[in-house]
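Analysis of the macromolecular model
The chain contents come next:
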Amino acid sequence: MTAVTFDVDKLAAEYNDKTPSDILALAIEHFENLSISFSGAEDVVLIDMAVQIKPDINVFSLDTGRLHPETYQFIERVRNHYNIQIDLMSPDQKQLEKFVQDKGLYSFYQDGHQECCGIRKVMPLRRALSTLDAWITGQRQDQSPDTRQGIPVMQKDNAFSSADRTLIKFNPLAGWTSQQVWQYIRENDVPFNELHSKGFASIGCEPCTRAVLPNQHEREGRWWWEEATKKECGLHVDNIKK
Ligand code: SF4
């Protein structure tokens, strides 16, 4: 079945209360050409579940060039632990060189993260998604009360679909809490980023991520100099429109 014949709204309602593994099984059964987007703890939970259904599941990750050393080590640990290929998507070299020449390495502290994220994340993501019918993300509703509260377990990706190609986005952990994610990680010996042991909750690029205090919301550790309603890097812009 292709994205065109996949009734995503009907299935989203039907699968709303099903387990993440059930949602992954549906995605894998219906879309041969799909991939898991990997960066954080949630994504490894999804990889852990998905390899039990399809051991050679496709996985990609965005290498912005600004990640922490711990994150690069984490990517390698996941690659080796599951014996999977992880396609690392890099920014366009010419575009990035011009941007850094024109604006330096820290312009986002002055004029916002959108331009840098556009070059380092969104364009490489667009390239990765251009060949896919569906992708799988680790988004959860409780990650952000401002931008993620309404995300369904699956949806048409309005940001990256085109007139002649419908892209489906699966969010199997949409209804899970952070506690459920970490319980799964502990019970199943799932690899995680060492930065989590140093107070980091939501981890992105090194200059734009900081540790949070106990009871501080995880999203407060990202782009802390910007308004909460703008804290999406462009990978899930549908969330902002809502
Ligand atoms: S998170 Fe920060 S460093 Fe990373 S791409 Fe966005 S603005 Fe650039």
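Residues numbered from 1 in each chain as written. Predicted model: local features only at pLDDT ≥ 70, side-chain atom pairs only at ≥ 80, totals over all residues.

1. Examining the sheet that holds strand 4 (residues 134-136)
The strands making up a sheet are joined through hydrogen bonds of the backbone, oriented either antiparallel or parallel. In space, the 6 strands of this open sheet follow the order 3-2-1-4-6-5, with mixed pairing throughout. The open sheet has two edge strands with one neighbour each: strand 3 (86-89) and strand 5 (154-156). Each adjacent strand pair in this sheet contributes to an overall mean axis angle of 25°, direction not counted. Two strands pair when backbone bridges link them, and strand 4 and strand 6 (residues 168-170) are joined in this way by 3 bridges, in the parallel orientation. Bridged to Trp135 within strand 6 is Lys169. (Pairing = 2+ DSSP bridges. Helix = DSSP H or I, 4+ residues; strand = E, 2+ residues; numbered from the N terminus. Axes fitted to C-alpha atoms, helices over the stretch in contact; angles between N-to-C directions.)

2. A short note on the packing of helix 2 (residues 20-30) against helix 3 (residues 41-50)
For the pair helix 2 and helix 3, interaxial distance at closest approach is 10 Å and the crossing angle is 65°. As the angle between them shows, helix 2 and helix 3 are arranged roughly perpendicular. In this structure, helix 2 meets helix 3 at a crossing whose hand is right-handed. When helix 2 is examined against helix 3, the residues Pro20, Ser21, Leu24 and Ile28 are found in contact with a partner set consisting of Leu46, Met49 and Ala50. Here the residues of the contact of helix 2 with helix 3 are counted per class, giving 6 nonpolar, 1 polar and no charged. (Parallel < 35°, antiparallel > 145°, perpendicular 65-115°, else oblique. Left-handed = near helix turned anticlockwise from the far one by under 90°. Contact = placed C-beta atoms within 7 Å. Nonpolar A, V, L, I, M, F, W, Y, C, P; charged D, E, K, R; others polar.)

3. Here we look at the site of the ligand
Taken together, 13 residues surround the ligand, and among them His113, Cys116, Cys117, Cys205 and Cys208 come closest. Element by element, the count of residues in the shell around the ligand is highest for helix 7 (residues 114-129), at 4 residues. Partitioning the shell around the ligand into residue classes produces 7 nonpolar, 3 polar and 3 charged. (Near = placed C-beta within 6 Å.)

4. Let's talk about the pairing of strand 2 (residues 59-62)
Looking along a regular strand, one sees the side chains alternate between the two faces of the sheet. Burial of strand 2 is two-sided: the residues Val59 and Ser61 facing one way and the residues Phe60 and Leu62 facing the other way are all buried. Bridge count between strand 1 (residues 34-37) and strand 2: 2 bridges; the pairing is parallel. Directly across from Ser37, in strand 2, lies its bridge partner Phe60. Looking at chain direction, strand 2 and strand 3 are connected through 4 bridges and run parallel. Following the sheet pairing, Phe60 is matched in strand 3 by Asp87. (Buried ≥ 20, exposed ≤ 12 C-beta atoms within 10 Å, placed from the backbone.)

5. Brief notes about helix 7
Here helix 7 spans only 19 Å end to end across 16 residues, well under the 22 Å set by a 1.5 Å rise per residue. Burial in helix 7 covers these residues: Cys116, Cys117, Arg120, Lys121, Pro124, Leu125, Ala128 and Leu129. Packed against the buried residues of helix 7 are strand 2, strand 3, helix 6 (108-111) and strand 4. (Expected span 1.5 Å × (residues − 1).)

6. Comments concerning the packing of helix 3 against helix 8 (residues 178-187)
One way to put it is that helix 3 packs onto helix 8 with a least axis distance of 10 Å and a crossing angle of 55°. When the axis of helix 3 is compared with that of helix 8, the two are oblique. Here helix 3 and helix 8 pass one another in a crossing that is left-handed. Of helix 8, the residues touching helix 3 (which contributes Ala41, Glu42 and Val45) are Val181, Tyr184 and Ile185. Here the residues of the contact of helix 3 with helix 8 sort into 5 nonpolar, no polar and 1 charged.

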